[in-house]
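# Examining the three-dimensional arrangement
One-letter residues, chain by chain:
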Amino acid sequence: MTHKKEIIVKLTNLSEENKEIRISLEGLHRGMKIQPRAQAVLLKGEADQENRLDDPYAIVPVDSSVSVNGTVLQTTAEAGSF
């Protein structure tokens, strides 16, 4: 938890298949409110791929949102994402 009263969850899916992810946020501090949407930043690329001077945008962050149902964050971790 940060001083901003936010929770940061980091996931990696190194497999070649998408994975359904469910994370229980149960047991948080009583004063914390869980919002129904959460921000997600996804990086995706091939295992041997990297940003280079001649290809600086080979791997770039992509912002999206994921749903939070009650105390459960549910999303799909795309294959090769980190």
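First, a word on what this report is: a plain description of the structure on this page. These numbers were taken from a predicted model, which means no experiment stands behind them. (Residues numbered from 1 in each chain as written. Predicted model: local features only at pLDDT ≥ 70, side-chain atom pairs only at ≥ 80, totals over all residues. Heavy atoms only, no water.)

### So, the overall build of the protein
To keep things clear, this is the line we draw: Counting from the N terminus, the helices are the DSSP runs of H or I reaching at least four residues and the strands are the DSSP runs of E reaching at least two. Each radius of gyration reported is based on C-alpha atoms, and the globular scaling rule is 2.2 Å times the count of residues to the power 0.38. By definition in these notes, contact holds between two residues if any of their heavy atoms fall within 4.5 Å. All accessible-area figures derive from a Shrake-Rupley calculation using a 1.4 Å probe, and residue coverage is judged against the displayed protein chains alone. Counting rule for charge: Lys and Arg are taken as positive, Asp and Glu as negative, and neither His nor the chain ends is counted. Charge coordinates come from a single atom per side chain, which is NZ of Lys, CZ of Arg, CG of Asp or CD of Glu.
Per the secondary structure count, the protein includes 0 helices and 4 strands. Listed by position from the N terminus, the elements making up the protein come as β-β-β-β. Relative to the compact-globule value of 12 Å for 82 residues, the protein shows a C-alpha radius of gyration of 15 Å, a clear excess of over 25%. Referenced to the eigenvectors of the C-alpha coordinate spread, the extents of the protein come out at roughly 50 × 30 × 15 Å. Taking the intrachain contacts of the protein between residues at least 6 apart in sequence as the baseline, contacts between residues at least 24 apart amount to 68%. Surface summary for the protein: the accessible area is close to 6,900 Å², and the carbon and sulfur share equals 50%. One way to put it: in the protein the 10 positive side-chain charges average out to a point 15 Å from where the 12 negative ones average out.

### Comments concerning the environment of K44
Counting through the fold element by element, K44 comes out in the loop between β2 (37-42) and β3 (62-69). Taking C-alpha positions, K44 is 30 Å from K33, a pair spaced 11 residues apart along the chain. With near-sequence residues (within four places) excluded, K44 lies in contact with A58, I59, E78, A79, G80 and S81.

### What to know about the pattern of salt bridges
Worth spelling out the cut-off: A side-chain nitrogen of Lys or Arg and a carboxyl oxygen of Asp or Glu constitute a salt bridge if their distance falls within 4 Å. For the exposure calls, accessible area comes from a 1.4 Å probe over protein chains only, and a residue counts as buried if that area is under 20% of its type's maximum, exposed if over 50%, partly exposed in between.
Applying the stated criterion across every chain, the model contains 1 salt bridge. Across the pair D54 and R52 runs a salt bridge whose closest N-O atoms are separated by 3.1 Å. Judged by relative accessible area, D54 falls into the exposed class, the value being 62%.

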